[in-house]
Amino acid sequence: QEIDPISLDIVQNVVNAESAHQENGAMLLFDKEIIDLGEVKQGTILSKAIGVQNAGSGDLEISDIVSNCGCLSVDYRNAKLKPGEKQLLNLILDTSEIDGIQQKGLHFYSNAVNGTLQQLMIKIKVVQ
């Protein structure tokens with residue numbers, strides 16, 4: 001399968017989707033599935049806002065966001081969302097030490113009934 005090098009794909013892994021319809025509780029949703037960043041020059045530090053929402057009926061608490069690369073981080077100081085509340089999280093990607101087509105991931109751990117682990121996949125092409 002060929003990867004489109006100039007797109008940033010966001011993929012949500014929903015672990016227990018059926019239980020989301022059967023139980024009351026928090027539901028973590030991301031605002032977009034695909035964000036196109038284009039081609040970037042190595043050494044660029046990208047900052048991108050990612051929207052998250054609690055689409056459930058209980059309080060959502062994001063307990064941790066873990067990156068699979070030291071080059072990728074997210075600022076999530078206020079990780080508690082009331083039902084219906086939306087928040088922008090600031091994603092920061094430092095391309096200083098990476099080159100070429102890259103896939104990076106962010107793992108969101110929360111109390112959401114639609115999956116206690118959800119993942120954002122970041123794809124980007126870094127050129128010199």
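This structure is a prediction, so every number in the text was calculated from the model and none was measured. (Residues numbered from 1 in each chain as written. Predicted model: local features only at pLDDT ≥ 70, side-chain atom pairs only at ≥ 80, totals over all residues. Heavy atoms only, no water.)

**Observations regarding the overall build of the protein chain**
To be explicit about the condition: Only DSSP runs of H or I with at least four residues qualify as helices, and only runs of E with at least two residues qualify as strands; both kinds are numbered from the N terminus onward. Burial classes follow relative accessibility: with a 1.4 Å probe on protein chains only, a residue under 20% of its type's maximum area counts as buried, one over 50% as exposed, and anything between as partly exposed. By definition, residues are in contact when any of their heavy atoms lie within 4.5 Å. The Shrake-Rupley method, run with a 1.4 Å probe, gives the accessible areas here. Residue values count only the displayed protein chains as cover.
Of the regular secondary structure elements, the protein chain holds 1 helix and 11 strands. The 128 residues of the protein chain split such that 42% are buried. When contacts within the protein chain are restricted to residue pairs at least 6 apart in sequence, long-range pairs at least 24 apart make up 72% of them. Accessible surface, the protein chain: about 7100 Å² in total, of which carbon and sulfur atoms supply 46%.

**Some remarks on the pairing of strand β5 (residues 45–54)**
The test is simple: At least two DSSP bridges between two strands are required for those strands to pair.
Where strand β2 (residues 28–30) meets β5, 3 bridges bridge the pair, whose relative direction is antiparallel. Note on β5: the bridge partner recorded for F30 is V52. Bridging between β5 and strand β9 (residues 86–94) involves 9 bridges; their strand directions are antiparallel. Looking across to β9, one finds that S47 is bridged to I92.

**Here's the deal with the sheet that holds strand β6 (residues 60–67)**
Spatially, the 5 strands line up as an open sheet ordered β4-β11-β10-β6-β8, and their pairing is mixed. Each edge of the sheet is formed by a strand with only one pairing partner; in this case those strands are β4 (39–41) and β8 (80–81). For β6 and β8, the ladder comprises 2 bridges, and the chain directions are antiparallel. Residue L60 lies in a different strand from β8, and its bridge partner there is L81.

**With respect to the sheet that holds β9**
Under the convention used in this document: Every axis in this analysis is a line fitted to C-alpha atoms, fitted for helices over the stretch in contact. Angles between the N-to-C directions lie between 0 and 180 degrees.
Across the sheet, which stays open at both edges, the 4 strands sit in the order β2-β5-β9-β7 with antiparallel pairing between neighbours. Both edges of this open sheet fall to β2 and β7 (72–75), since each of them pairs with a single strand only. Neighbour to neighbour, the strand axes of the sheet diverge by 30° on average, direction disregarded.

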